[in-house]
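Descriptive analysis of the structure
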Amino acid sequence: NAFGGKIDPGDKSPAYGAMRELKEETNINVPLDVIQRCYVGLLRFTFDDDDEGEMVVHLFHLDVICNSNNTKCDDNNNAKKKKKTKKWDARTIMIDPECIRGCEEISPEWYDDWAKIPLEKMFADDSLWLTMLLTSAEKGEHLKFDGWFHFNSGGAEVNSVMHYYIAVRQDVNDSSLIEEKKEEIPKAEKSKNDKTYKLEVTNQPKFTLEKRLFHELHANDIHSPTIKEFKECWGVVNSVRSHFGNKSFDAIIDVAGGHGALAALFLLLTSATSATVIDPAVVGGVQNAWRHFLGEKKLHYRYECLRTGLRDELSNLVGNGKHSVDPKRVLVVACHACQHLSDETLQISSLFGVNAAVLPCCQKDHDGSWKAAGKTMGIPIGQLMDILTAGKMMSWTTGQNVGVKYQVKMKHIDEKITPQNRLILCKAVALDGSDKIAKNRSNLKVDIAHKKLERAYKRAHHHTDDDNMNLSLSLPSAIIGLCVGMLISPLFRKR
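If charged atoms from side chains of opposite charge come close, those side chains can pair. Here the structure, examined in full by the defined rule, presents 16 salt bridges. Linking K328 and D326 is a salt bridge whose minimum nitrogen-to-oxygen distance equals 3.7 Å. Judged by relative accessible area, which is 34%, K328 ranks as partly exposed. Where D386 meets R422, a salt bridge forms, and the shortest distance between an N and an O atom there is 2.7 Å. On the criterion of sequence distance, the pair formed by D386 in helix α14 (residues 381-393) and R422 in strand β16 (residues 422-430) is long-range, its members being 36 residues apart. The class of D386 is buried, set by a relative accessible area of 1%. One network of salt bridges, in which partners are shared, links D8, D11, R20, E21 and E24.

Here it is in structure tokens:
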């Protein structure tokens, strides 16, 4: 897509490597000091089918003026000759277009209008950062930014960006970037020492909270959660919000949360003011990267296993203490919890009457009692076990000891993120007077359904009230008819 390549061991700096690659691939010879002034920023690339690898690209933007009379391709001094312009002249060189040639790796191609560049034939990230860069260049601005791009699985064949963030840098600390009069720089503010200039970039793109959070993880060199895990957490939180509402929680408990991203996102996107991550592994990290977003909300880590940690945390949270929380304002969550972990999370949650949401994975039919049934019905064992898990929470007795019943719903997050995308949502509803209206409605629906079934049964068996009366009247008549027939029969025999 663009001129460049890998930095060789002999390259003294990324700028030196860019200068060498440009010469090799185009025959354009640019002085090192010009290349250094053309620096834009870093582009980082990660890939969904490669959790460990990251490709880092140093980006340079050079303006070129064509003049066939004044420049020799191999003359560094002549390459420094520039047409006098008012803006960003120190990043411009004059070249002879006839000197430009390609190589085996790439063939240069001119476009009189950058809008005609065939972005559809290029890597997906180019349409995001290249268009922004060229738009700013038309306005006489030399934009500086860093970009992070995460690609979906499938490589070049798929060529689609799952997630990205572009951070525009607003401070320019090199006064040598501008050769012409400094007062002509648009919206440039000169400092007292006459060496530093602050450039106010007016076209900085606006990003969603999701992209800003993603950026902060990369900016702080935090690799857990991975992009896939981050997307899973984001999908789970938004599915829970759409079911329960944004203002339904005061406290969150994230079971086996590890890095804590799921708990932190609940703090950021709901009314919850505190969250606890229960996990024996010491991971952490997001609380530092997102501290400015979290503000006064508290994210805690409890390095303990589920069986003891969750029970104790719930006992402290919803007990009878001064600072206890209403159980119906508490949510226990587990993202990608294996079968037994999902079951235990829901079971312990129901003992305390709190809300729960789990995204199960690695479902197992341990005693083999449902495997054959699932095969007969054509239902994969994973789906079947999730349905059975949801059914346990809908049981008549689940939650009764603490005065609640559970309304259960299953939702799905984007299967492009993970095929294990079934989210079981369990809402605790009180069995006391607050549930009376809902209970009456439910009973009314049951009564209506029973009457419909009764009428259908009678129609199917022709048992109407008239049918019963006719049956009762016709029975004596049949008996009399039978007796008369028996008396008449011998008379016919005598004849």
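So, about the nonpolar core. Among the nonpolar cores identified, the biggest contains 63 residues, and W129, F145, V240, W290 and L299 are the most heavily contacted of them. With 9 residues, helix α8 (residues 261-269) is the single largest residue contributor to this core. Setting aside its immediate chain neighbours within four residues, F145 contacts V40, G41, L42, L43, L59, W129, M132, L133, I166, A167, V168 and R169. A251, L306, L314 and V330 belong to the second largest nonpolar core, which has 27 residues in total.

Our next topic: the sheet that holds strand β10 (residues 251-255). Spatially, 7 strands are ordered β12-β11-β10-β13-β14-β16-β15 in an open sheet, and the strand pairing comes out mixed. What marks the edges here is a single partner per strand, and that holds for β12 (298-302) and β15 (404-412). Across the sheet, the axes of successive neighbouring strands diverge by a mean angle of 15 degrees, strand direction being ignored. Sitting on the sheet, helix α11 (residues 306-318) touches β10, β11 (274-278), β12 and β13 (330-338), and the angle it makes with β10 is about 175 degrees.

Counting buried positions over the 9 residues of β13 gives 7, a clear majority of the element. Here β10 runs beside β13; their pairing, made up of 4 bridges, is parallel. Along β13, the bridge assignment pairs I253 with V332. Relative to strand β14 (residues 355-361), β13 is paired through 7 bridges, and the arrangement is parallel. The partner of A334 across the bridge, within β14, is V358. The handedness of the β13 to β14 crossover, carried by helix α12 (residues 339-352), is right-handed.

For the rest of this paragraph, the subject is the confidence of the model for the protein. Considering every residue of the protein, the mean pLDDT works out to 78; 78% of them sit at 70 or more. Taking the mean pLDDT of every element in the protein, the minimum, 34, falls on strand β8 (residues 188-190) and the maximum, 95, on β10. Low pLDDT, under 50, characterises residues 74-88; the stretch is placed with 40 contacts to residues that sit more than four places away or in other chains. Considering only residues more than four positions removed or in separate chains, one finds that residues 491-495, a stretch of pLDDT under 50, has 0 contacts.

Cut-offs applied
- Within any chain, residue numbers begin from 1 and follow the written order of that chain's sequence.
- It should be noted that, the model being predicted, local features are given only for residues of pLDDT at least 70 and side-chain atom pairs only at 80 or more, the latter also being counted only at that level, while totals for whole chains, interfaces and linings use all residues.
- With hydrogens and water excluded, all non-hydrogen atoms of the structure serve as input to the side-chain values.
- For salt bridges, the criterion is a side-chain nitrogen of Lys or Arg within 4 Å of an Asp or Glu carboxyl oxygen.
- Note on classification: 1.4 Å probe, protein chains only; a residue is buried when its accessible area is under 20% of the maximum for its type, exposed when over 50%, partly exposed between these limits.
- Starting at the N terminus, helices and strands are each numbered in turn, a helix being any DSSP run of H or I of at least four residues and a strand any DSSP run of E of at least two.
- To form a nonpolar core, buried Ala, Val, Leu, Ile, Met, Phe, Trp, Tyr and Cys residues must be joined to one another through side-chain atoms within 4.5 Å.
- Note on definitions: a residue-residue contact is assigned when non-hydrogen atoms from the two residues lie within 4.5 Å.
- Only when DSSP finds a minimum of two bridges between them are two strands counted as paired.
- Working convention: axes come from line fits to C-alpha atoms, limited for helices to the stretch in contact. Angles between N-to-C directions cover 0 to 180 degrees.
- Look down the strands so they point away from you; if the path from the first strand over the helix to the second goes clockwise, the crossover is right-handed.
- Each residue gets a pLDDT score, which is the predictor's confidence in that residue and runs from 0 to 100.

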